[in-house]
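Residue-level structural notes
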Amino acid sequence: MAATLLSNPTLSSSFLGHSLSARGHLKRTTPCSCNFRSPRCAVDTPYEGSISKFPRVNVWDPYKRLGITTDASEEEVWSARNFLLSQYAGHERSAESIEAAFEKLLMSSFTNRKRTKINLKTRLKKKVEESPPWVKNLLSFVEVPPPVIILRRLFLFAFMACWSVMNSAEAGPAFQVALSLAACIYFLNDKNKSLPRAAIIGFGALVVGWICGSFLVPLIPTFLLQPTWTLELLTSLVVYVFMFLGCTFLK
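Attention here is on the structure that accompanies the text. Counting starts from 1 at the beginning of each chain's written sequence and moves along it residue by residue. At least 70 in pLDDT is required for a residue's local features to be given in this predicted model, at least 80 for side-chain atom pairs to be given and counted, and no such filter applies to totals for whole chains, interfaces and linings, which use all residues. With hydrogens and water stripped out, all remaining heavy atoms of the structure feed into the side-chain values.

**Let's talk about the packing of aromatic side chains**
For clarity, the cut-off: Between rings of Phe, Tyr and Trp, where Trp is taken as its six-membered ring, a pair exists when centres lie within 6.5 Å; planes separated by under 30 degrees are stacked, by over 60 edge-to-face, and by other angles tilted. A helix here means a DSSP run of H or I that spans at least four residues, while a strand means a run of E at least two residues long, and both kinds are numbered starting from the N terminus. Exposed residues in this analysis have more than 50% of their type's maximum accessible area, buried residues have under 20%, and partly exposed residues fall in between, with area computed by a 1.4 Å probe over protein chains only.
Following the criterion strictly, the structure yields seven aromatic pairs and no others. Look at Phe157 and Phe244: their rings are 6.3 Å apart centre to centre, the planes differ by 65 degrees, and that puts the pair in the edge-to-face class. Of this pair, Phe157 sits in helix H6 (residues 147-166) while Phe244 sits in helix H9 (residues 231-249); the two residues are 87 residues apart in sequence, bridging distant segments of the chain. Residue class for Phe244 comes out buried when judged on its relative accessible area of 11%.

**Things to note about the pattern of salt bridges**
Filter applied, for reference: Any Lys or Arg side-chain nitrogen located within 4 Å of an Asp or Glu carboxyl oxygen qualifies as a salt bridge.
Enumeration over the complete set of coordinates arrives at three salt bridges. The shortest N-O distance in the salt bridge between Lys191 and Glu143 comes to 3.7 Å. On the criterion of sequence distance, the pair formed by Lys191 in helix H7 (residues 174-192) and Glu143 in the loop between helix H5 (133-139) and H6 is long-range, its members being 48 residues apart. For Glu143, a relative accessible area of 30% puts it in the partly exposed group. Linking Asp190 and Lys193 is a salt bridge whose minimum nitrogen-to-oxygen distance equals 3.8 Å.

**Considerations on the side chain of Ser94**
Stated precisely, the cut-off is as follows: In protein, a polar contact requires one atom able to donate a hydrogen and another able to accept it; more generally it is a pair of N or O atoms within 3.5 Å, and residues adjacent in sequence count only if both atoms are side-chain atoms.
With respect to the helices, strands and loops of the structure, Ser94 is situated in helix H4 (residues 92-130). Separated by 2.8 Å, the side chains of Ser94 and His91 make a polar contact.

**Here we look at the layout of surface pockets**
Vacant regions in the atomic arrangement are exposed by a probe of water-molecule size rolled over the atoms. Under the convention used in this document: For each structure, a 1 Å grid was placed over the protein atoms alone; sets of points admitting a 1.4 Å probe that cannot get out are labelled cavities, open sets with protein on both sides within 12 Å along at least five of seven lines are labelled pockets, and lining residues have an atom within 4 Å of a point. Grid points are joined across faces, edges and corners, and a volume is the space filled by probe spheres set on the points. Any residue outside Ala, Val, Leu, Ile, Met, Phe, Trp, Tyr, Cys, Pro, Asp, Glu, Lys and Arg is labelled polar, Gly included; the first ten of those are nonpolar and the last four are charged.
When its volume is computed, the largest pocket comes out at roughly 210 Å³. As for the largest pocket, its lining consists of 14 residues, and the residues nearest its centre are Ala72, Glu74, Val77, Leu105 and Ser109. At the level of secondary structure, the elements contributing two or more residues to the lining of the largest pocket comprise helix H3 (74-87) and H4. Top element by residues in the lining of the largest pocket is H4. It accounts for seven residues. Of the residues belonging to the lining of the largest pocket, the class tally is seven nonpolar, five polar and two charged.

These values are about where atoms sit, not about what they do.
Rendered as structure tokens:
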């Protein structure tokens with residue numbers, strides 16, 4: 001056996017897919033092929049954690065996005081917005097989507113209110129234009145002054161009424177009624193620049209107020225009245241109201 005090895009000495013070793021022999025012959029071998037699959041790590045996958053994501057982020061309708069009906073009240077809109085924000089507060093995009101829907105509904109509500117006010121003025125003006133001629137003639141004697149003038153005259157006649165009530169135990173309201181009549185004529189004359197017209201309207205308000213007070217005061221239950229409140233005093237209070245309306249809203 002040793003003689004055989006000596007007669008045919010062959011040494012071979014595997015190196016880079018080649019067989020090396022002592023005789024210098026190279027013999028290629030088939031490289032070993034095996035598929036190696038690297039394990040996936042948990043970091044390779046997107047991680048949401050425990051943060052909840054709003055499922056209706058891409059819903060265009062703000063009512064459906066907030067989960068309310070189209071006839072929901074303002075309180076229901078606020079309640080839905082606060083509830084959703086508390087549920088998805090940790091997700092920035094969800095919170096932005098909820099706030100955007102809420103702001104859109106607020107702007108829509110503001111626009112509708114503005115349109116409603118404009119429509120009411122237009123309807124009122126249209127009703128006046130379509131009213132009978134006698135109503136138009138009656139409304140032609142009425143005007144609405146600035147709020148400052150209304151408040152000033154209201155304060156004046158309210159002061160006269162309080163003065164009459166506080167002085168009811170000592171004397172009647174004749175002096176206060178006379179001052180109120182003079183103030184009424186003064187305001188009307190300042191507006192119309194016609195003293196006779198102002199006097200007619202002032203005395204007319206006095207007479208109409210006194211007549212209406214004479215019929216209305218007896219209808220008031222006696223247990224609501226103070227013992228010092230006479231019929232003359234209560235009638236004068238009605239007169240103050242008519243004189244205020246006359247010198248403020250009549251032309």
